[in-house]
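What follows is each chain in one-letter form.
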Amino acid sequence: MTPLPWPSTPPAYGSVVLREFTEADVRLALELGEDPYVPLIGSLPAHPTRQEAEAWVRRQQSRHAEGRGFPFVIDVAGTGVGTVGLWLRKLSEGIGIVGYSISPEHRRRGFASDALKAITPFAWTVPGVERIELYIEPWNRGSLRAAEKAGYRREALLPAHQEIGGFARDMLLYAAP
Ligand SMILES: CC(C)(COP(=O)(O)OP(=O)(O)OC[C@H]1O[C@@H](n2cnc3c(N)ncnc32)[C@H](O)[C@@H]1OP(=O)(O)O)[C@@H](O)C(=O)NCCC(=O)NCCS
């Protein structure tokens, strides 16, 4: 797929600014890789070596050029605290899918909610996006709450919808209003 243009003004909300990955984000990758859940929902290996973390950062950097979406680092005052992505694998159906993770040491400070509030208006500007979806496991209180704080609405429980960690997991589908 041809890449859509990167936003000329970085999406922002509150104290968070969404920016491109840089080599320095290996530190963020190493932190995220220590979380028990983050490696299950993406391509970052659990407890990554420095090399694995560097390779993951490079993969994030290449995804935009490949037309797969917009991988952002969530930056707060110059520190990468997490990642949020707008993924376009269902763009032919008019759907953008948002996913996010916050480094364990930066949680419970509103960064996930603010990152969602920053990426959502940007996602609506992407040509072809007519709907924005989130998929969240029912136990994931922090993620459900962040979605609701950003105005997303729960639409459905999708039984055994997605394989995570070797099991077909139920997912709650949320959509932007
Ligand atoms: C889920 C996650 C993104 C939340 O990030 P965060 O920056 O801590 O979330 P916020 O600080 O914006 O919190 C949003 C709300 O959820 C609440 N919350 C956050 N973590 C919580 C938890 N573990 N249990 C209960 N509530 C929680 C916060 O208190 C806040 O609610 P409030 O304003 O009413 O107090 C983070 O825990 C994470 O990265 N987890 C692992 C990866 C993951 O689950 N990604 C999402 C996949 S759908």
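Going by the structure above, here's the rest.
Note that the structure is predicted; figures quoted are calculated from it, not measured.

Novice: Summarise the packing of helix α3 (residues 111-125) against helix α4 (residues 141-149); cite the residues concerned and give the values.
Specialist: Following both chains from N to C, one finds α3 and α4 inclined at 40°, their axes separated by 8 Å at the closest point. Our classification of the angle between α3 and α4 gives oblique. The hand of the α3/α4 crossing is right-handed. Judged by residue contacts, A112, S113, L116 and K117 of α3 engage A146, A147 and K149 from α4. Tallied by class, residues from the contact of α3 with α4 come to 4 nonpolar, 1 polar and 2 charged.

Novice: For the side chain of S113, give the residues involved together with the corresponding values.
Specialist: Position of S113 relative to the elements: it lies in helix α3. Look past the residues within four positions of S113 in its chain and what remains in contact with it is A146, K149 and A150.

Novice: Tell me about the site of the ligand, residues and numbers included.
Specialist: Near the ligand, the surroundings consist of 23 residues, among which I102, R108, G110, S113 and K149 are the closest. Here an oxygen atom of the ligand and a backbone polar atom of R109 are 3.2 Å apart. In this structure, R145 approaches the ligand through a side-chain N or O atom, which is 2.8 Å from an oxygen atom. Relative to its free-state accessible area of 920 Å², the ligand is covered by the protein chains to the extent of 77%. Sorting the residues of the shell around the ligand by element identifies β5 (95-102), α3, β6 (131-136) and α4 as the ones contributing at least two each. Considering every element that reaches the shell around the ligand, the biggest residue donor is α4, with 6 residues. Looking at the shell around the ligand residue by residue, the classes come out as 10 nonpolar, 6 polar and 7 charged.

So, how was this worked out
Residues numbered from 1 in each chain as written. Predicted model: local features only at pLDDT ≥ 70, side-chain atom pairs only at ≥ 80, totals over all residues. Heavy atoms only, no water. Axes fitted to C-alpha atoms, helices over the stretch in contact; angles between N-to-C directions. Helix = DSSP H or I, 4+ residues; strand = E, 2+ residues; numbered from the N terminus. Parallel < 35°, antiparallel > 145°, perpendicular 65-115°, else oblique. Left-handed = near helix turned anticlockwise from the far one by under 90°. Contact = heavy atoms within 4.5 Å. Nonpolar A, V, L, I, M, F, W, Y, C, P; charged D, E, K, R; others polar. Near = heavy atom within 4 Å. Polar contact = N/O pair within 3.5 Å; in protein donor to acceptor, adjacent residues only side chain to side chain. Areas by Shrake-Rupley, 256 points an atom, 1.4 Å probe, with all protein chains shown as cover.

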